[in-house]
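Structural overview for review
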Amino acid sequence: MNAHAPQADRPHVIRDAKGKRPQFYEAPGLDQAMSMIMVLANELAVLHDRLDSAERVHAAKGLDLAAEIEALQLDQAALEAREAWRQDFLGRLFYLARKDASEAAAADTAERFRATIEDIAKT
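Because the structure is predicted, anything quoted here is derived from the model rather than measured. (Residues numbered from 1 in each chain as written. Predicted model: local features only at pLDDT ≥ 70, side-chain atom pairs only at ≥ 80, totals over all residues. Heavy atoms only, no water.)

Evaluation of the coordinates by the stated rule reveals 5 salt bridges. Among the salt bridges present, the one from R56 reaches D52, with a minimum N-O distance of 2.8 Å. Of the two residues, R56 and D52 both sit in helix α1 (residues 30–60), 4 residues apart, roughly one turn of that helix. Where E111 meets R114, a salt bridge forms, and the shortest distance between an N and an O atom there is 3.5 Å. In this pair, E111 and R114 are both assigned in helix α5 (residues 110–122), 3 residues apart and thus about one turn of the helix distant. (Salt bridge = Lys/Arg side-chain N within 4 Å of Asp/Glu carboxyl O. Helix = DSSP H or I, 4+ residues; strand = E, 2+ residues; numbered from the N terminus.)

So, in structure tokens, the structure goes:
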């Protein structure tokens, strides 16, 4: 698949693992932060390899890649493709935060809400 093509041809599938996640660090949120760091590190490594490849291909053809990039004018389709990629990337980056929020919302019931209100009213 072309990395610059819109993701519209891929069906949206929620890929949440079921069950309790292992926790490696005692500090709250540290596992989540480490997951985000690993997603970023993976993206950076892929980006580095692709940019290195592009520079080598252009150098072999005698093209000044830096000047070409500076002169590039993107059309609307390219801007939309970049935004689609960005949204997909942010979805992966914030995967655990989204999953935790979803699980918390699912665990929150009307009964728990009423009990909380009653508990607050007693104090």
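What follows continues from the structure just given.
This paragraph deals with the packing of α1 against helix α4 (residues 95–107). In the contact formed by α1 and α4, the axes pass within 8 Å of each other and the chain directions differ by 140°. Considering their axes alone, α1 and α4 lie oblique with respect to each other. Contacts between α1 and α4 pair D31, Q32 and S35 from the former with L96, A97 and D100 from the latter. (Axes fitted to C-alpha atoms, helices over the stretch in contact; angles between N-to-C directions. Parallel < 35°, antiparallel > 145°, perpendicular 65-115°, else oblique. Contact = heavy atoms within 4.5 Å.)

Attention shifts here to helix α3 (residues 76–93). When the terminal C-alpha atoms of α3 are compared, their 25 Å separation across 18 residues agrees well with the 26 Å that a helix rising 1.5 Å per residue should span. Taken together, the buried positions of α3 are A81, F89 and L93. Angularly, the buried residues of α3 cover 115° about the axis, an arc narrow enough to put them on a single face. More than 90 degrees from the buried face of α3, the exposed residues found are Q76 and A77. Buried residues belonging to α3 abut α1 and α4. (Expected span 1.5 Å × (residues − 1). Buried < 20%, exposed > 50% of the residue type's maximum accessible area, 1.4 Å probe, protein only. Arc of directions from axis to C-beta.)

Geometric values such as these leave the question of function open.
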